[in-house]
Amino acid sequence: MTYAKEFFDLQLHFARSVAELRGMPLEEALLDYTNLYVRFVADRRFDRDHPIWSAYLAGLREKVDPGDWTYHFYRSRPHHVQPASTIKTFGCFSYALGEPGQIRLHFHNADGHLQGPLSEERMPSRLSELTSLVHHVRLQRGTAKQIAGVSWLYNLTAYRRLFPESYTAAATVATNRFRNMPLWGQFLNRHGGVRKDAASLFVHRLHDQTSADDLARCFPLHPLAVSAPIDAFHEFYAQESTIEFDR
Ligand SMILES: CC(C)(COP(=O)(O)OP(=O)(O)OC[C@H]1O[C@@H](n2cnc3c(N)ncnc32)[C@H](O)[C@@H]1OP(=O)(O)O)[C@@H](O)C(=O)NCCC(=O)NCCS
(Lines give C-alpha, C1' and ligand atoms only; values in the text may rest on other atoms or scores of the structure.)
Protein backbone atom coordinates (compact mmCIF):
# COMPACT_ATOMS: atom_id res chain seq x y z
CA MET A 1 0.00 0.00 0.00
CA THR A 2 1.29 3.44 -0.94
CA TYR A 3 0.38 6.36 1.30
CA ALA A 4 -1.16 9.44 -0.33
CA LYS A 5 0.74 12.69 -0.87
CA GLU A 6 -1.66 14.47 1.53
CA PHE A 7 -0.29 12.33 4.36
CA PHE A 8 3.15 13.83 3.78
CA ASP A 9 1.81 17.35 3.19
CA LEU A 10 0.15 17.15 6.60
CA GLN A 11 3.47 16.29 8.23
CA LEU A 12 5.35 19.05 6.39
CA HIS A 13 2.70 21.49 7.56
CA PHE A 14 3.12 20.34 11.16
CA ALA A 15 6.93 20.55 10.96
CA ARG A 16 6.75 24.13 9.61
CA SER A 17 4.45 25.19 12.45
CA VAL A 18 6.62 23.48 15.08
CA ALA A 19 9.77 25.15 13.64
CA GLU A 20 8.05 28.52 13.93
CA LEU A 21 6.60 27.96 17.41
CA ARG A 22 9.79 26.46 18.81
CA GLY A 23 12.17 28.76 16.92
CA MET A 24 14.04 25.73 15.58
CA PRO A 25 15.41 24.93 12.08
CA LEU A 26 12.86 23.21 9.82
CA GLU A 27 15.29 20.34 9.20
CA GLU A 28 15.33 19.56 12.92
CA ALA A 29 11.54 19.75 13.14
CA LEU A 30 11.26 17.34 10.21
CA LEU A 31 13.48 14.83 12.00
CA ASP A 32 11.90 15.13 15.45
CA TYR A 33 8.25 15.89 14.72
CA THR A 34 7.35 13.81 11.66
CA ASN A 35 7.36 10.18 10.56
CA LEU A 36 9.44 11.02 7.45
CA TYR A 37 12.77 9.62 8.68
CA VAL A 38 11.14 6.28 9.49
CA ARG A 39 9.42 6.17 6.09
CA PHE A 40 12.62 6.99 4.16
CA VAL A 41 15.41 5.36 6.17
CA ALA A 42 13.38 2.57 7.81
CA ASP A 43 15.44 2.40 11.02
CA ARG A 44 14.67 4.04 14.37
CA ARG A 45 18.11 5.59 14.99
CA PHE A 46 17.15 9.08 13.79
CA ASP A 47 20.69 9.69 12.63
CA ARG A 48 20.69 13.20 11.16
CA ASP A 49 23.82 12.32 9.13
CA HIS A 50 22.37 9.19 7.55
CA PRO A 51 23.10 9.38 3.78
CA ILE A 52 19.44 8.80 2.83
CA TRP A 53 18.21 11.50 5.19
CA SER A 54 20.98 13.87 4.00
CA ALA A 55 19.95 13.26 0.37
CA TYR A 56 16.34 14.12 1.24
CA LEU A 57 17.36 17.35 2.98
CA ALA A 58 19.73 18.30 0.14
CA GLY A 59 16.87 17.98 -2.35
CA LEU A 60 14.57 19.94 -0.03
CA ARG A 61 17.00 22.87 -0.04
CA GLU A 62 17.07 22.91 -3.85
CA LYS A 63 13.51 22.11 -4.89
CA VAL A 64 10.83 24.69 -5.54
CA ASP A 65 8.00 22.62 -4.08
CA PRO A 66 8.85 20.82 -0.80
CA GLY A 67 5.62 18.79 -0.97
CA ASP A 68 6.36 17.45 -4.45
CA TRP A 69 9.97 16.67 -3.55
CA THR A 70 9.01 14.90 -0.32
CA TYR A 71 6.48 12.73 -2.11
CA HIS A 72 8.81 12.01 -4.99
CA PHE A 73 11.50 10.97 -2.48
CA TYR A 74 9.04 8.71 -0.62
CA ARG A 75 7.96 7.05 -3.88
CA SER A 76 11.60 6.39 -4.82
CA ARG A 77 12.28 4.50 -1.57
CA PRO A 78 11.29 0.89 -0.77
CA HIS A 79 8.00 0.89 1.11
CA HIS A 80 8.44 -0.65 4.58
CA VAL A 81 5.21 -0.87 6.53
CA GLN A 82 6.74 -2.83 9.37
CA PRO A 83 9.74 -2.04 11.58
CA ALA A 84 12.94 -4.00 10.87
CA SER A 85 12.66 -5.37 14.42
CA THR A 86 9.55 -7.39 13.45
CA ILE A 87 9.96 -11.04 14.39
CA LYS A 88 6.88 -12.60 12.81
CA THR A 89 3.71 -11.51 11.04
CA PHE A 90 0.21 -12.98 11.26
CA GLY A 91 -1.98 -11.17 8.70
CA CYS A 92 -2.53 -7.64 10.00
CA PHE A 93 -0.58 -8.25 13.21
CA SER A 94 3.10 -8.68 13.92
CA TYR A 95 5.29 -8.61 16.96
CA ALA A 96 8.76 -7.49 18.00
CA LEU A 97 10.66 -8.02 21.22
CA GLY A 98 10.14 -5.34 23.85
CA GLU A 99 11.62 -5.02 27.32
CA PRO A 100 12.81 -8.31 28.85
CA GLY A 101 9.84 -10.68 29.20
CA GLN A 102 7.68 -8.64 26.86
CA ILE A 103 6.64 -8.61 23.20
CA ARG A 104 5.33 -5.55 21.39
CA LEU A 105 2.30 -5.85 19.13
CA HIS A 106 1.98 -3.97 15.81
CA PHE A 107 -0.89 -3.55 13.37
CA HIS A 108 -0.87 -2.76 9.65
CA ASN A 109 -3.58 -3.27 7.08
CA ALA A 110 -2.76 -6.44 5.13
CA ASP A 111 -6.41 -7.29 4.48
CA GLY A 112 -7.52 -6.82 0.86
CA HIS A 113 -11.25 -7.39 1.51
CA LEU A 114 -13.94 -4.90 0.61
CA GLN A 115 -14.94 -4.45 4.24
CA GLY A 116 -12.62 -2.55 6.56
CA PRO A 117 -9.98 -4.62 8.38
CA LEU A 118 -11.57 -3.59 11.69
CA SER A 119 -15.15 -4.13 10.57
CA GLU A 120 -17.40 -6.64 12.30
CA GLU A 121 -17.34 -8.79 9.13
CA ARG A 122 -13.55 -9.10 9.30
CA MET A 123 -13.42 -9.60 13.07
CA PRO A 124 -13.15 -13.42 12.87
CA SER A 125 -10.05 -13.08 10.67
CA ARG A 126 -8.43 -10.59 13.07
CA LEU A 127 -9.22 -12.83 16.07
CA SER A 128 -7.80 -15.82 14.28
CA GLU A 129 -4.57 -13.94 13.47
CA LEU A 130 -4.22 -12.86 17.10
CA THR A 131 -4.94 -16.40 18.32
CA SER A 132 -2.14 -17.72 16.09
CA LEU A 133 0.23 -15.00 17.22
CA VAL A 134 -0.38 -15.68 20.91
CA HIS A 135 -0.09 -19.44 20.35
CA HIS A 136 3.21 -18.93 18.53
CA VAL A 137 4.63 -16.64 21.23
CA ARG A 138 3.71 -19.10 24.00
CA LEU A 139 5.41 -21.93 22.12
CA GLN A 140 8.45 -20.13 20.72
CA ARG A 141 9.10 -17.33 23.20
CA GLY A 142 8.67 -19.00 26.56
CA THR A 143 10.26 -16.08 28.39
CA ALA A 144 7.70 -13.60 27.05
CA LYS A 145 5.05 -13.19 29.75
CA GLN A 146 3.57 -9.86 28.74
CA ILE A 147 2.14 -8.28 25.58
CA ALA A 148 2.42 -4.51 25.21
CA GLY A 149 1.37 -1.99 22.58
CA VAL A 150 1.27 1.74 21.89
CA SER A 151 -1.12 3.13 19.32
CA TRP A 152 -3.85 5.62 18.50
CA LEU A 153 -5.86 2.52 17.53
CA TYR A 154 -6.58 1.67 21.18
CA ASN A 155 -9.05 4.59 21.17
CA LEU A 156 -11.31 2.71 18.72
CA THR A 157 -13.95 0.30 19.96
CA ALA A 158 -13.50 -1.59 16.68
CA TYR A 159 -9.88 -2.28 17.67
CA ARG A 160 -10.27 -2.71 21.42
CA ARG A 161 -12.87 -5.46 20.99
CA LEU A 162 -10.15 -7.67 19.50
CA PHE A 163 -8.38 -7.91 22.87
CA PRO A 164 -9.11 -8.97 26.45
CA GLU A 165 -10.53 -6.10 28.49
CA SER A 166 -7.62 -6.20 30.91
CA TYR A 167 -5.21 -5.26 28.07
CA THR A 168 -6.76 -1.84 27.47
CA ALA A 169 -8.36 -1.23 30.89
CA ALA A 170 -5.42 0.71 32.34
CA ALA A 171 -4.38 2.47 29.11
CA THR A 172 -2.23 5.55 29.62
CA VAL A 173 -1.45 8.33 27.13
CA ALA A 174 1.96 7.80 25.51
CA THR A 175 3.68 11.15 25.13
CA ASN A 176 6.20 12.40 22.57
CA ARG A 177 5.36 10.04 19.69
CA PHE A 178 5.76 12.68 16.99
CA ARG A 179 8.13 10.49 14.98
CA ASN A 180 5.89 7.44 14.97
CA MET A 181 2.95 5.79 13.25
CA PRO A 182 1.25 5.11 16.61
CA LEU A 183 0.44 8.83 16.36
CA TRP A 184 0.39 9.66 12.62
CA GLY A 185 -1.47 6.49 11.54
CA GLN A 186 -4.79 8.07 12.67
CA PHE A 187 -4.81 10.23 9.54
CA LEU A 188 -4.83 7.25 7.17
CA ASN A 189 -7.69 5.14 5.94
CA ARG A 190 -7.28 1.52 4.91
CA HIS A 191 -6.41 2.50 1.33
CA GLY A 192 -3.51 4.76 2.34
CA GLY A 193 -5.58 7.92 1.72
CA VAL A 194 -6.02 10.69 4.27
CA ARG A 195 -9.10 10.81 6.52
CA LYS A 196 -10.49 14.23 5.69
CA ASP A 197 -12.29 14.87 9.02
CA ALA A 198 -9.29 14.01 11.17
CA ALA A 199 -6.93 16.03 8.93
CA SER A 200 -9.08 19.15 8.90
CA LEU A 201 -9.57 19.05 12.70
CA PHE A 202 -5.80 18.75 13.05
CA VAL A 203 -5.12 21.69 10.70
CA HIS A 204 -7.66 23.85 12.57
CA ARG A 205 -6.14 23.09 15.94
CA LEU A 206 -2.64 23.69 14.61
CA HIS A 207 -3.73 27.04 13.23
CA ASP A 208 -5.00 28.03 16.70
CA GLN A 209 -1.87 26.80 18.47
CA THR A 210 0.02 29.81 19.83
CA SER A 211 2.73 28.15 21.91
CA ALA A 212 5.10 25.22 21.64
CA ASP A 213 3.53 23.68 24.78
CA ASP A 214 1.46 20.56 24.40
CA LEU A 215 1.68 20.24 20.62
CA ALA A 216 0.07 16.80 21.00
CA ARG A 217 -3.31 18.47 21.64
CA CYS A 218 -3.49 19.30 17.89
CA PHE A 219 -3.97 15.59 17.18
CA PRO A 220 -7.56 14.30 17.39
CA LEU A 221 -6.48 11.08 19.14
CA HIS A 222 -3.65 10.38 21.57
CA PRO A 223 -1.59 7.21 21.31
CA LEU A 224 -2.37 4.91 24.24
CA ALA A 225 0.08 2.55 25.96
CA VAL A 226 -1.42 -0.78 27.01
CA SER A 227 -0.21 -4.12 28.36
CA ALA A 228 -1.40 -7.39 29.91
CA PRO A 229 -0.04 -10.85 30.78
CA ILE A 230 0.01 -13.22 27.80
CA ASP A 231 -2.20 -15.66 29.74
CA ALA A 232 -5.07 -13.14 29.59
CA PHE A 233 -4.86 -13.24 25.78
CA HIS A 234 -4.69 -17.00 25.74
CA GLU A 235 -7.87 -17.30 27.85
CA PHE A 236 -9.68 -14.62 25.84
CA TYR A 237 -9.01 -16.22 22.44
CA ALA A 238 -9.87 -19.68 23.77
CA GLN A 239 -13.26 -18.26 24.87
CA GLU A 240 -13.77 -16.41 21.57
CA SER A 241 -13.20 -19.56 19.54
CA THR A 242 -15.77 -21.42 21.70
CA ILE A 243 -18.28 -18.61 21.13
CA GLU A 244 -17.58 -18.74 17.39
CA PHE A 245 -18.07 -22.53 17.46
CA ASP A 246 -21.41 -22.16 19.29
CA ARG A 247 -22.79 -19.55 16.84
C1 LIG B 1 -6.30 1.29 10.94
C2 LIG B 1 -6.81 1.61 9.54
C3 LIG B 1 -6.72 0.39 8.66
C4 LIG B 1 -8.27 2.08 9.68
O5 LIG B 1 -8.74 2.42 8.38
P6 LIG B 1 -10.31 2.45 8.02
O7 LIG B 1 -10.38 2.62 6.54
O8 LIG B 1 -10.99 3.47 8.85
O9 LIG B 1 -10.72 0.99 8.42
P10 LIG B 1 -12.04 0.44 9.09
O11 LIG B 1 -13.23 0.89 8.27
O12 LIG B 1 -11.87 -1.02 9.29
O13 LIG B 1 -12.11 1.21 10.51
C14 LIG B 1 -12.82 0.67 11.57
C15 LIG B 1 -13.53 1.73 12.37
O16 LIG B 1 -12.62 2.63 12.98
C17 LIG B 1 -13.01 3.97 12.70
N18 LIG B 1 -11.84 4.82 12.54
C19 LIG B 1 -10.79 4.55 11.78
N20 LIG B 1 -9.89 5.56 11.87
C21 LIG B 1 -10.43 6.47 12.72
C22 LIG B 1 -9.98 7.73 13.22
N23 LIG B 1 -8.82 8.25 12.88
N24 LIG B 1 -10.78 8.38 14.08
C25 LIG B 1 -11.97 7.87 14.46
N26 LIG B 1 -12.44 6.68 14.02
C27 LIG B 1 -11.68 6.00 13.16
C28 LIG B 1 -13.73 3.84 11.37
O29 LIG B 1 -14.59 4.96 11.16
C30 LIG B 1 -14.48 2.56 11.53
O31 LIG B 1 -15.62 2.76 12.36
P32 LIG B 1 -17.05 2.24 11.87
O33 LIG B 1 -16.89 0.75 11.70
O34 LIG B 1 -17.95 2.62 13.01
O35 LIG B 1 -17.31 2.97 10.60
C36 LIG B 1 -5.99 2.78 8.92
O37 LIG B 1 -6.13 3.92 9.74
C38 LIG B 1 -4.52 2.47 8.75
O39 LIG B 1 -4.12 1.62 7.97
N40 LIG B 1 -3.66 3.23 9.47
C41 LIG B 1 -2.22 3.10 9.37
C42 LIG B 1 -1.70 1.96 10.18
C43 LIG B 1 -1.61 2.29 11.63
O44 LIG B 1 -1.96 3.35 12.09
N45 LIG B 1 -1.10 1.31 12.35
C46 LIG B 1 -0.90 1.47 13.73
C47 LIG B 1 0.50 1.78 13.97
S48 LIG B 1 0.78 1.51 15.69
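Here's a quick rundown of the structure.

Cut-off values and rules
- Residues numbered from 1 in each chain as written.
- Predicted model: local features only at pLDDT ≥ 70, side-chain atom pairs only at ≥ 80, totals over all residues.
- Heavy atoms only, no water.
- Buried < 20%, exposed > 50% of the residue type's maximum accessible area, 1.4 Å probe, protein only.
- Helix = DSSP H or I, 4+ residues; strand = E, 2+ residues; numbered from the N terminus.
- Pairing = 2+ DSSP bridges.
- Right-handed = clockwise from strand over helix to strand, strands pointing away.
- Near = heavy atom within 4 Å.
- Polar contact = N/O pair within 3.5 Å; in protein donor to acceptor, adjacent residues only side chain to side chain.
- Areas by Shrake-Rupley, 256 points an atom, 1.4 Å probe, with all protein chains shown as cover.
- 1 Å grid on protein atoms, 1.4 Å probe; cavity = no way out; pocket = protein on both sides within 12 Å on 5 of 7 lines; lining within 4 Å.
- Sits in = over half its atoms within 2 Å of the grid points.
- Contact = heavy atoms within 4.5 Å.
- Axes fitted to C-alpha atoms, helices over the stretch in contact; angles between N-to-C directions.
- Salt bridge = Lys/Arg side-chain N within 4 Å of Asp/Glu carboxyl O.
- Points joined across faces, edges and corners; volume = space filled by probe spheres on them.
- Phe/Tyr/Trp six-rings, centres within 6.5 Å; stacked < 30°, edge-to-face > 60°.
- Lys NZ or Arg CZ within 6 Å of the ring centre and 35° of its normal.

Remarks on the pairing of strand S4 (residues 146–151)
In terms of residue burial, S4 counts as a mostly covered element, since five of its six residues are buried. By the bridge criterion, three bridges tie strand S3 (residues 102–107) to S4 in an arrangement that is parallel. Its bridge partner lying in S4, Ile103 is registered against Ile147. A crossover links S3 with its parallel partner S4, the connecting element being helix H6 (residues 123–140), and its sense is right-handed. The sheet contact formed by S4 and strand S6 (residues 224–229) spans six bridges and is antiparallel. Residue pairing for S6: Gly149 is matched across the bridge by Val226.

Side note on the site of the ligand
Looking at the ligand, there are 19 residues lining it, with Leu118, Trp152, Leu188, Arg190 and Arg195 nearest. Phe107 places a main-chain nitrogen or oxygen 3.1 Å from a nitrogen atom of the ligand. The separation between an oxygen atom of the ligand and a polar main-chain atom of Leu188 is 2.5 Å. Protein contacts shield 73% of the accessible area of the ligand, which totals 930 Å² for the unbound molecule. For the ligand, the cavity whose grid points lie within 2 Å of the majority of its atoms is the largest pocket.

Remarks on the sheet that holds strand S2 (residues 93–97)
With respect to topology, six strands assemble into an open sheet ordered S1-S2-S3-S4-S6-S5, the strand pairing being mixed. Lying at the two open borders of the sheet, with one neighbouring strand each, are strand S1 (88–90) and strand S5 (172–173). H6 rests against S1, S2, S3 and S4 of the sheet, and its axis sits at about 25° to S2.

Regarding the pattern of salt bridges
Taken as a whole, this structure holds 10 salt bridges when the rule is applied. Residues Asp111 and Arg126 are paired through a salt bridge, measuring 2.6 Å at the closest nitrogen-oxygen approach. Of the two residues, Asp111 sits in the loop between S3 and H6 while Arg126 sits in helix H6, which places them 15 residues apart along the sequence. A relative accessible area of 2% means that Arg126 is categorised as buried.

Things to note about the layout of surface pockets
In this structure, the largest pocket occupies an estimated 1100 Å³ of space. The wall of the largest pocket is formed by 41 residues, among which Phe107, Ser151, Leu153, Met181 and Pro182 lie closest to the centre. Where the lining of the largest pocket is concerned, the elements lending two or more residues are helix H3 (36–41), S2, S3, S4, helix H7 (157–160) and helix H9 (181–184). Ranked by the residues each element gives to the lining of the largest pocket, the list is headed by S3, at four residues.

A short note on the environment of Ser85
On the secondary structure map, Ser85 appears in the loop between helix H5 (66–76) and S1. A residue is classified by how much of its surface remains accessible, and Ser85, at 45% relative accessible area, is partly exposed. Ignoring anything within four residues of it in the chain, the contact list for Ser85 reads Tyr95 and Ala96.

Some points on the pairing of S6
Along S6, the buried face is formed by Leu224, Val226 and Ala228; none of Ala225, Ser227 and Pro229, which line the opposite face, is buried. As paired strands, S5 and S6 are joined by two bridges and run antiparallel to one another. Directly across from Val173, in S6, lies its bridge partner Leu224.

Description of the packing of aromatic side chains
A complete count under the given rule lists 39 aromatic pairs for this structure. Measuring from ring centre to ring centre gives 5.4 Å for Phe93 and Phe107, while their planes differ by 65°; the resulting arrangement is edge-to-face. In this pair, Phe93 is assigned in strand S2 and Phe107 in strand S3, connecting sequence segments 14 residues apart. Here the aromatic cluster, defined as three or more aromatic residues joined through ring pairs, consists of Phe93, Phe107, Tyr154, Tyr159, Phe163, Tyr167, Phe233, Phe236 and Tyr237. Just above the ring of Phe46 sits the side chain of Arg179; from NZ or CZ to the centre is 3.9 Å.

Any link to function would need more than the numbers given here.
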